[in-house]
2 protein chains.
Amino acid sequence: MITAVLLGGGNVAHHLAEAFLASKDIILKQLYARNATSVAKFQHDVSITDDLNLLEEADVYIIAISDDAIGDLSHQLFGNKLVVHTSGSVSMDSLENEGRKGIFYPLQSFSKTKPVDFSEIPICIEAENSKDLELLEKLAYYISPKVYKISSDQRSKLHVAAVFVNNFTNHMYKIGNDICKQYDVPFEVLLPLIKETAAKIEEVSPNEAQTGPAKRNDQETIQRHLNLLDTKQQEIYQLITKSIQNG
Amino acid sequence: MITAVLLGGGNVAHHLAEAFLASKDIILKQLYARNATSVAKFQHDVSITDDLNLLEEADVYIIAISDDAIGDLSHQLFGNKLVVHTSGSVSMDSLENEGRKGIFYPLQSFSKTKPVDFSEIPICIEAENSKDLELLEKLAYYISPKVYKISSDQRSKLHVAAVFVNNFTNHMYKIGNDICKQYDVPFEVLLPLIKETAAKIEEVSPNEAQTGPAKRNDQETIQRHLNLLDTKQQEIYQLITKSIQNG
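Bear in mind the structure is a predicted one, so any value in this text is a computation, not a measurement. (Residues numbered from 1 in each chain as written. Chains lettered and ligands numbered in written order. Predicted model: local features only at pLDDT ≥ 70, side-chain atom pairs only at ≥ 80, totals over all residues. Heavy atoms only, no water.)

**Quick notes on the sheet that holds strand β6 (residues 100-106) of chain B**
Pairing between the strands of a sheet is mediated by backbone hydrogen bonds and can be parallel or antiparallel.
Residues and elements named next belong to chain B.
Then, number 1: Taken in spatial order, the 8 strands line up as β3-β2-β1-β4-β5-β6-β7-β8 in an open sheet, and their pairing is mixed. The open sheet has two edge strands, β3 (47-49) and β8 (147-149), and neither has a second partner. Direction aside, neighbouring strands of the sheet carry axes that sit 25° apart on average.
Then, number 2: Where strand β2 (residues 26-32) meets β3, 3 bridges bridge the pair, whose relative direction is parallel. (Pairing = 2+ DSSP bridges. Helix = DSSP H or I, 4+ residues; strand = E, 2+ residues; numbered from the N terminus. Axes fitted to C-alpha atoms, helices over the stretch in contact; angles between N-to-C directions.)

**Some details on the packing of aromatic side chains**
Then, number 1: According to the stated counting rule, one finds 10 aromatic pairs over all chains in the structure shown.
Then, number 2: Plain terms: the ring middles of Phe168(A) and Tyr237(B) are 5.1 Å apart, the flat faces sit at 65° to each other, and that makes the pair edge-to-face. Of this pair, Phe168(A) sits in helix α4 (residues 152-182) while Tyr237(B) sits in helix α9 (residues 231-245), placing the two residues on different chains.
Then, number 3: Relative accessible area serves as the criterion here: at 1%, Phe168(A) is assigned to the buried category.
Then, number 4: Ring geometry for Phe164(B) versus Phe168(B): centroids 5.0 Å apart, planes at 75°, classification edge-to-face. Here the residue Phe164(B) and the residue Phe168(B) both occupy positions in helix α4 (residues 152-182), the gap between them amounting to 4 residues, near one helical turn.
Then, number 5: Judged by its relative accessible area of 0%, Phe164(B) is buried.
Then, number 6: Through successive ring pairs, a cluster of aromatic residues spans Phe164(A), Phe168(A) and Tyr237(B).
Then, number 7: Cation over ring: Lys81(B) sits above Tyr61(B), and NZ or CZ is 5.1 Å from the ring centre.
Then, number 8: Across the ring face of Tyr183(A), the terminal group of Lys157(B) is positioned such that the distance to the ring centre comes to 4.4 Å. (Phe/Tyr/Trp six-rings, centres within 6.5 Å; stacked < 30°, edge-to-face > 60°. Buried < 20%, exposed > 50% of the residue type's maximum accessible area, 1.4 Å probe, protein only. Lys NZ or Arg CZ within 6 Å of the ring centre and 35° of its normal.)

**A word on the side chain of Gln233(A)**
Then, number 1: By the secondary structure assignment, Gln233(A) is in helix α9 (residues 231-245).
Then, number 2: Aside from chain neighbours lying at most four places away, what touches Gln233(A) is Ile175(A), Asp178(A), Ile179(A), Gln182(A) and Phe164(B). (Contact = heavy atoms within 4.5 Å.)

**Remarks on the interface of chain B and chain A**
Then, number 1: At the junction of the two partners, chain B supplies 82 residues and chain A supplies 82 residues.
Then, number 2: Across the chain B/chain A interface, buried area totals approximately 8100 Å², and carbon plus sulfur atoms make up 67% of it.
Then, number 3: Counting across the chain B and chain A interface gives 2 salt bridges.
Then, number 4: Lys242(A) is paired through a salt bridge with Glu235(B); the nearest N and O atoms lie 4.0 Å apart.
Then, number 5: Viewed at the interface, chain A and chain B are joined by 24 residue pairs in polar contact (both at pLDDT 80 or more).
Then, number 6: Contributions of two or more residues to the side of chain B that touches chain A are made by α4, α5 (191-200), α6 (206-209), α8 (219-228) and α9 of chain B.
Then, number 7: If one sorts the elements of the side of chain B that touches chain A by residue count, α4(B) sits on top with 25 residues.
Then, number 8: The class makeup of the residues in the side of chain B that touches chain A is 41 nonpolar, 25 polar and 16 charged. (Buried area = accessible area lost by both parts, 1.4 Å probe. Salt bridge = Lys/Arg side-chain N within 4 Å of Asp/Glu carboxyl O. Polar contact = N/O pair within 3.5 Å; in protein donor to acceptor, adjacent residues only side chain to side chain. Nonpolar A, V, L, I, M, F, W, Y, C, P; charged D, E, K, R; others polar.)

**A closer look at the pattern of salt bridges**
Residues and elements named next belong to chain A.
Then, number 1: If you walk through the whole model with that rule in mind, you get 20 salt bridges over all chains.
Then, number 2: Here Asp178 and Lys174 are joined by a salt bridge, their closest N and O atoms 2.9 Å apart. With Asp178 and Lys174 both in helix α4, this residue pair falls 4 residues apart, about one helical turn.
Then, number 3: Given the relative accessible area of 22%, Asp178 is considered partly exposed.
Then, number 4: For Lys174, a relative accessible area of 7% translates into the label buried.

**Describing the relation of the copies chain B and chain A**
Then, number 1: Between the two copies, chain B and chain A, the superposition gives an RMSD of 0.1 Å; the rotation angle is 180° and the shift along the axis is 0.0 Å. Both copies of the chain, as the preceding transformation shows, are related through a two-fold rotation axis. Relative to the rotation axis, the closest C-alpha in chain B is found at Thr169(B), a distance of 2.6 Å.
Then, number 2: The residues that chain B uses at the interface reappear at the interface of chain A in 100% of cases, marking a shared surface. (Least-squares fit on C-alpha atoms with pLDDT ≥ 70 in both.)

Here it is in structure tokens:
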């Protein structure tokens, strides 16, 4: 049994609260949110507070708030507590509590409305001492089979990589959508291709999966494509084509 | 019942042959391939030839070969046949047969080894006359519920859009993979995020789905990310970040 207090009222806090409440091995002792109404949906399941002086005792305090507020909130947590945050891009050193520190980073893109299956979500953990790392590992395995010990240094790199495969990929979808709209073609025609592109690299490496005119160096098609794009789209098309060709 | 002859020995020809053979409404009368061994696996299911003079009669002749060979092969098909090709980027006019022309374009990324579920694949059709379009529509619905009437003009745009959401997206995966390798982080940690990114836009538009430091204009994180990348990766990071910010 691990006892936990969750601090935050956003997407990550919501989904973690649900996962913790659903686990028979985790006791969610309390939810802290500056604005208690943001977590009102949990009021019948767990004690809620907006006062840091009223925090209950727990094995671990999990801060799931925006990156730039983590330092400040952790600074207000006294005693030799284990305090962890859930951010992909903030280092462990940014925690300013006087006690022990760690990371509990679920690597997924969360939205409040969409339900989350934690058994599909990798959790990256880190701690200053091995005993706390063990506790975080146990906690993570209670909600997901995919647990990785990742250093702050590795995590910062992983976060850049995640920007490419998530944010930038989504922008490729956005440009595809723009082109479709412009020529009155339904974007939904592309959805199965998008799904297959993502599914393919579960089996082969992105290098092996690469196809298309850039990979084939099919200059005729590349030129025809460029003629159909606006200046900004052309710039992106050319840069990525060059990058694919340079391997 | 629709009778068809398939011309080609590559991935698309293989998967179409399988789908046609599996349909009770389609009679695959013949497979033509310049190199008959490329379609040898079908030798017990259908007549195979490498001689265009021996083509059998059919309602439709489907050319599934590389883009630059379509004109030449179609030029050798005589009589008032309905000849269609399966390419996303070649116009209907590129068919040089003397008879009727059309398009039968399954919009998906095929590989020979991976089985294909045609019920998930959009088929884009086009024909010179409405009767042929009707026949192609019927044929398409025999193997997929997702059938779209798309003009050659629209199809060429759809093909550029497909390059963005497939080829360029895969290159984002590749860069993510490079970063992970460089810092000894397992790329598999990112696979659930990749899957979720693709799944998300089945429910919301790419515009609504956009998150990340570029979208938030989080200059601190952007700068930290740039410091972790090599020159080529930086160039791509900066251009896409700019493009996201320009909406």
